[in-house]
Amino acid sequence: MSDIPLGVLDLVPVSSGSTAADALRNSIDLAQQTERFGYARYWFAEHHLNPGVAGTSPAVVLALTASATSTIRLGSGAVQLGHRTALSTVEEFGLIDALHPGRFDLGLGRSGGRPPGEKATGPTTTPVVDGRAPNGLLIPPRFSFERLLGSPRIALQRKLLLLPNAESQDYAEQIDDILALLAGTYRSPEGAEAHAVPGEGADLELWILGSSGGQSAEVAGARGLRFAANYHVSPATVLEAVDGYRSFFQPSDVLDKPYVSVSADVVVAEDDETARELATGYGPWVRSIRTAEGAIEFPTPEEARAHAWTDEDRALVQDRLDTQFVGSPARVADQLEQLQEATGADELLITTITHDHADRVRSYELLAQEWRRR
């Protein structure tokens, strides 16, 4: 499987007992280490108002990381366009590309997830029987994000990120504006030109991130852009997402055929028992996100075991626990191979969170070693 590149998705997690500054230093160190291990990409996610996640501005963290690395591609997974303009996005990434040309991926996403009531529009051609893809990959029941989207905290986040009375631009139009600004072909309806300096002509690789076969998959496919689907956030809809993207795909100057990356939550250790211990904090951490409280600082195994679980809690996180790949290098690599086969992924994006930074680094190292052997 060494012909399937592995990348890193980093949320800049804050562990209990540490600070956001510690998390940032750890992430830059992890980027340096994974560059040495042979990972192809290192992406930073964007999240807000989370005590346990410090990755609030991908462009800023990317600029810091670019100065500390030399060969690994760096990118956003993803810039949330719901509270940004096309111009600000192009200018930010144009700035960092000007000093580190040709190293950046501009991953673009819709903030806040799929609006309530919106249905996926792309066909799902991969059959799922009894919760399994044809090759046995677990496809759990669909999780409803209605509670998250309707929470006061999400409303507050939107209020703080948007200027008063501002409305988000239509996503497809915004993507088209970004493409035009990068290409230097932007024209207003009145015919006025806009040239982003820096930004125009920047050597960026564009990706669209999506969790369903809906608008994100359609936008990526219709414009012939790369698409990243997430098994780690919405495992129930990963097949819908990649099938939808491929059904919409039209060749472009960038791609002549679809190109897909798929993400997975992973914890690797020397043996299964050690890996399970390192992953103990994952359940309470996911619960804090799914309850709309905001991601907590990632707990120690001892802190995690102290959580009193209710049936409602378990229902909130079960799909994520069941689809986290935890174990020895061979076990996890087998599961990643199954994910790649089921989705036809061209690349896999690995996200790993443990309480101790050294364990997170070691997890990526062990996985890279095993992947190279296959």
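Parameters at a glance
Residues numbered from 1 in each chain as written. Predicted model: local features only at pLDDT ≥ 70, side-chain atom pairs only at ≥ 80, totals over all residues. Heavy atoms only, no water. Helix = DSSP H or I, 4+ residues; strand = E, 2+ residues; numbered from the N terminus. Buried < 20%, exposed > 50% of the residue type's maximum accessible area, 1.4 Å probe, protein only. Contact = heavy atoms within 4.5 Å. Areas by Shrake-Rupley, 256 points an atom, 1.4 Å probe, with all protein chains shown as cover. Polar contact = N/O pair within 3.5 Å; in protein donor to acceptor, adjacent residues only side chain to side chain. Expected span 1.5 Å × (residues − 1). Axes fitted to C-alpha atoms, helices over the stretch in contact; angles between N-to-C directions. Parallel < 35°, antiparallel > 145°, perpendicular 65-115°, else oblique. Left-handed = near helix turned anticlockwise from the far one by under 90°. Nonpolar A, V, L, I, M, F, W, Y, C, P; charged D, E, K, R; others polar. Phe/Tyr/Trp six-rings, centres within 6.5 Å; stacked < 30°, edge-to-face > 60°.

> Help me understand the overall build of the chain, please; the structure alone is not making it clear to me.
In terms of helices and strands, the chain carries 14 helices and ten strands. On the principal axes, the C-alpha backbone points of the chain span a range of 65 × 45 × 45 Å. The proportion of buried residues among the 374 residues of the chain is 55%. A separation threshold of at least 6 residues defines the contact pool for the chain, and within that pool the share at least 24 residues apart is 76%. Per element, the accessible surface of the chain, about 15900 Å² overall, is 52% carbon and sulfur.

> Even after reading the chapter, I still don't get the side chain of Thr65, so can you show me in this structure?
For Thr65, the location among the structural elements is in helix H2 (residues 58–66). For Thr65, a relative accessible area of 0% gives the class buried. Side-chain polar atoms of Thr65 contact the backbone oxygen of Val61, separated by 2.8 Å.

> In this structure, what is going on with helix H14 (residues 357–373)? I would like to understand it.
One turn of the α-helix equals 3.6 residues, which is why residues spaced by three or four share an orientation. Here H14 spans 25 Å end to end across 17 residues, near enough to the 24 Å set by a 1.5 Å rise per residue. Every buried residue of H14 is accounted for by His357, Arg360, Val361, Ser363, Tyr364, Leu366, Leu367, Ala368, Glu370 and Trp371. In this structure, the buried side of H14 is in contact with strand S1 (6–10), helix H1 (20–37), strand S8 (260–268), helix H13 (329–343) and strand S10 (347–351).

> I would appreciate a short explanation of the packing of H1 against H14 in the present structure.
What describes two packed helices is the angle between their axes and the distance between those same axes. Look at H1 against H14: their axes get within 10 Å of each other, and the N-to-C directions meet at 20°. With respect to their mutual orientation, H1 and H14 come out roughly parallel. Viewed along their axes, H1 and H14 form a crossing whose handedness is right-handed. For the pair H1 and H14, contact is made by Asn26, Ser27, Asp29, Leu30, Gln33, Thr34 and Phe37 and by His357, Arg360, Val361, Tyr364, Glu365, Ala368 and Arg372, respectively. Here the contact of H1 with H14 is built from residues that sort into five nonpolar, five polar and four charged.

> Please clarify how the packing of aromatic side chains should be interpreted in this entry.
Pairs of aromatic rings are described using the distance from one ring centre to the other and the angle between the two planes. Scanning the entire structure with this criterion turns up ten aromatic pairs. Each ring, one from Tyr39 and one from Tyr364, has its centre 5.5 Å from the other, and the planes form 85°; the classification is edge-to-face. With Tyr39 in the loop between H1 and strand S2 (41–44) and Tyr364 in helix H14, this residue pair connects regions lying 325 residues apart in the sequence. In this structure Tyr39 comes out as buried when scored by relative accessible area, which is 5%. Centroid distance Trp43 to Trp207: 5.3 Å. Interplanar angle 75°. Geometry classified as edge-to-face.

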